[in-house]
Amino acid sequence: MKTYLVTGAAGFIGANYLKYILAKHEDIRVVVLDALTYAGNLGTIVADLDNERCFFVKGDICDRQLADQLFAEYRFDYVVNFAAESHVDRSIENPQLFLITNILGTQNLLDAARRAWVTGKDAQGYPTWQKGVRFHQVSTDEVYGSLGEEGYFTETTPLCPHSPYSASKTSADMVVMAYHDTYKMPVTITRCSNNYGPYHFPEKLIPLIIKNIVEGKKLPVYGDGSNVRDWLYVEDHCKAIDLVVRKGTKGEVYNVGGHNEKTNLEIVKLTIATIRRLLTEKPEYREVLKHKQKEDRGEISIDWIDENLITFVKDRLGHDQRYAIDPTKISSELGWSPETRFEEGIVKTIEWYLNNQIWVEEVTSGDYQKYYERMYGKK
Ligand code: NAD
Ligand code: DAU
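Because the structure is a prediction, the values reported are computed rather than measured. (Residues numbered from 1 in each chain as written. Chains lettered and ligands numbered in written order. Predicted model: local features only at pLDDT ≥ 70, side-chain atom pairs only at ≥ 80, totals over all residues. Heavy atoms only, no water.)

Focus: the overall build of the protein
Within the protein, the secondary structure is distributed over 13 helices and 17 strands. Relative to a compact globule of 379 residues, whose C-alpha radius of gyration would be 21 Å, the protein shows 21 Å and is just as compact. By principal-axis analysis of the C-alpha atoms, the protein measures approximately 80 × 45 × 40 Å. Going through the 379 residues of the protein one by one, you find that 57% of them count as buried. Within the protein, residue pairs in contact and separated by at least 24 positions form 80% of the contacts whose partners lie at least 6 positions apart. Carbon together with sulfur atoms contributes 49% to the accessible area of the protein, which is approximately 16300 Å² in total. Separation of charge centres in the protein, based on 46 positive and 54 negative side chains, amounts to 2 Å. (Helix = DSSP H or I, 4+ residues; strand = E, 2+ residues; numbered from the N terminus. Rg over C-alpha atoms; globule rule 2.2 N^0.38 Å. Buried < 20%, exposed > 50% of the residue type's maximum accessible area, 1.4 Å probe, protein only. Contact = heavy atoms within 4.5 Å. Areas by Shrake-Rupley, 256 points an atom, 1.4 Å probe, with all protein chains shown as cover. Lys, Arg positive; Asp, Glu negative; His and termini not counted. Charge placed at Lys NZ, Arg CZ, Asp CG, Glu CD.)

Right, dumping it as C-alpha cells:
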C-alpha cells in the first residue's frame, strides 16, 4: 500500500485529484495537508475524509515541525504538492505571499522529505534514497512566459516568467530540480495549461463568468479579450499527474495540455451560448438564476443572457498573450492524451455549477465580495 501526502487538496485541482486517486486506487492511503486559505474549502472534500484511507490535517506547507511530524507518523511514499497561491491577479496585489508559500513552502516539503527518505550515502557522497519514493511538483505552463501567434511550449522552452505568481512557480521548479541534481532526490514536475471543471474558485475566468451570469452581472473581459489560453478539463490533468507520479522518469518534466486554444473572448461567448442553450433545454435550471427577469406567463426569461453582458475592463498588468502546450513527451512516453473535448467539458462544468450553487455560496461567503469590488468595482 502506498501512502500519499497531497498538499492543497481542499483547492480546485487538488480536490479533483484526491477524488480521482481514491476512486482509482483501492490500495492507497492519503493524508491531505491544507492551510484552508480563502481558496481552500473543507466542504469540498469532507465526504472523502473517512480517517481510514483519507485523513485531513490543517496546516501550512511552510511549517517545518508539522512536516517532519507528518513524515514520521505516516511514512509517505509519495508527496504531490498542489498547495500554492494560484491566482495571477492576487500575485500582482501581494507578491510576497506568493514567494513565501510557493517557493519556501515547496522547499520546506522537499527538506522534510529529504530528512525522512534518505537512507545513507553512496561512494561519491550522494544521499541514497528509500526505494519507491517520489516528490511530485504540480507546476504550470506560465513558467515559460508568453508565446506569439505561432509555436508551442515544450519541456525545453527556456523559463521566462512574467508575473509574481509565475516567477514564484518557476523558482519552485528550479528548487525541485536543484534537489534532484544535488541530492539525486527522486522528483518529477508536471507543467499544465489552464484547467476548468468542478470546484474551480470563482475568481478564475470560467467560474467567474458562470457565477456572474447566474447573478445577472456584467462579464469582465481584460483588455480586448484576444489573449489565448489552452484549456484542459481538470480530470484529464488529474489522470496525467497520476501517471507521472507512478510511471514518470525521475528528474523529468512533463508538459500537460489540452490542445484547446481559445481567446478569452471566445471562452466568454461560448460560456454564454452554452448556458443559454442549457436553460432553454432544461427550463428547471432557470430556478437557479438569482437574477430573475420578467416572469412571463410563469416562465423565467433568459432573453437578457447574451453577449451584451460582456464588458471590456482594464487589462491585467504584464498580461501574457498566449499559452499553448506541446504534450508530445507525456503522450509518447506515458500514453496520456486529453480525453474531454471542450464542448463536452464546458457543459459538464456549467451543469455542475448550476447544480452546486450552495458550494458557490459557501466558498464566496468570506472576503470574496471585498476582493470582487477591489478588482471590478461595485457593479
Ligand atoms: P487553488 O488556489 O484552487 O488551491 C490551492 C490550495 O492550496 C487551497 O486549498 C489552499 O488552501 C492551499 N494552500 C495555499 N497556501 C497554502 C499553504 N501555505 N499551506 C498549505 N496549503 C495551502 O489552486 P489550484 O487552481 O487548484 O492549483 C493547484 C496547483 O496547480 C497550484 O500549484 C497551481 O500553481 C497549479 N496549477 C494550476 C492550474 C490551474 O489552471 N488552476 C494550472 C496549472 C498548474
Ligand atoms: O496556465 C496555467 C495557469 O492558469 C495556472 O498556473 C494558474 O494557477 C491559473 O490561475 C490560470 O492562470 P490564468 O491567469 O491564465 O487564469 P485566469 O482564469 O485568472 O485568467 C484566464 C484568462 O482570462 C487570462 O488571460 C485573464 C483573463 N481574465 C480573467 C479574469 C479573472 C479576464 O479576461 N477576466 C477576468 O475577470
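There's more to say after this.
Section: helix H9 (residues 264-281)
With 18 residues, H9 extends 26 Å from end C-alpha to end C-alpha; this agrees with the ideal 26 Å at 1.5 Å per step. The secondary structure elements touched by the buried residues of H9 are helix H7 (205-214), strand S10 (219-222), strand S11 (228-230), strand S14 (261-263), strand S17 (310-313) and helix H11 (342-355). (Expected span 1.5 Å × (residues − 1).)

Points about the site of ligand 2
Contacts to ligand 2 come from 24 residues, most closely from Asp 141, Tyr 165, Arg 316, His 319 and Tyr 376. With respect to ligand 2, the side chain of Asn 264 contributes an N or O atom lying 2.8 Å from an oxygen atom. Surface burial for ligand 2 is 95%, taken as the share of its 690 Å² of free accessible area covered by protein chains. Contributions of two or more residues to the shell around ligand 2 are made by H7 and S10. A total of three residues in the shell around ligand 2 trace back to one element, the largest contributor, which is S10. (Near = heavy atom within 4 Å. Polar contact = N/O pair within 3.5 Å; in protein donor to acceptor, adjacent residues only side chain to side chain.)

Observations concerning the nonpolar core
Counting residues in each nonpolar core, the largest one holds 69 residues, and the members touching the most others are Tyr 4, Tyr 17 and Val 30. Among the elements that take part in this core, helix H1 (residues 12-24) stands out by supplying eight residues, more than any other. For Tyr 17, the residues in contact, after removing those within four places along its chain, are Tyr 4, Val 6, Val 80, Phe 82, Cys 238, Ile 241, Asp 242 and Val 245. Counting 35 residues, the second largest nonpolar core, distinct from the first, contains Tyr 74, Leu 109, Ile 189 and Tyr 323. (Core = buried A, V, L, I, M, F, W, Y, C linked by side-chain atoms within 4.5 Å.)

A word on unusual backbone geometry
Positive phi, close to 60 degrees, is recorded for Asn 51, a residue that is not glycine. As for its position among the elements, Asn 51 is in the loop between helix H2 (42-45) and strand S3 (54-58). Despite not being glycine, Lys 184 has its phi angle at roughly 60 degrees, a positive value. Within the element layout of this structure, Lys 184 appears in the loop between helix H6 (164-183) and strand S8 (187-192). The exposure class of Lys 184 is partly exposed, given its relative accessible area of 44%.

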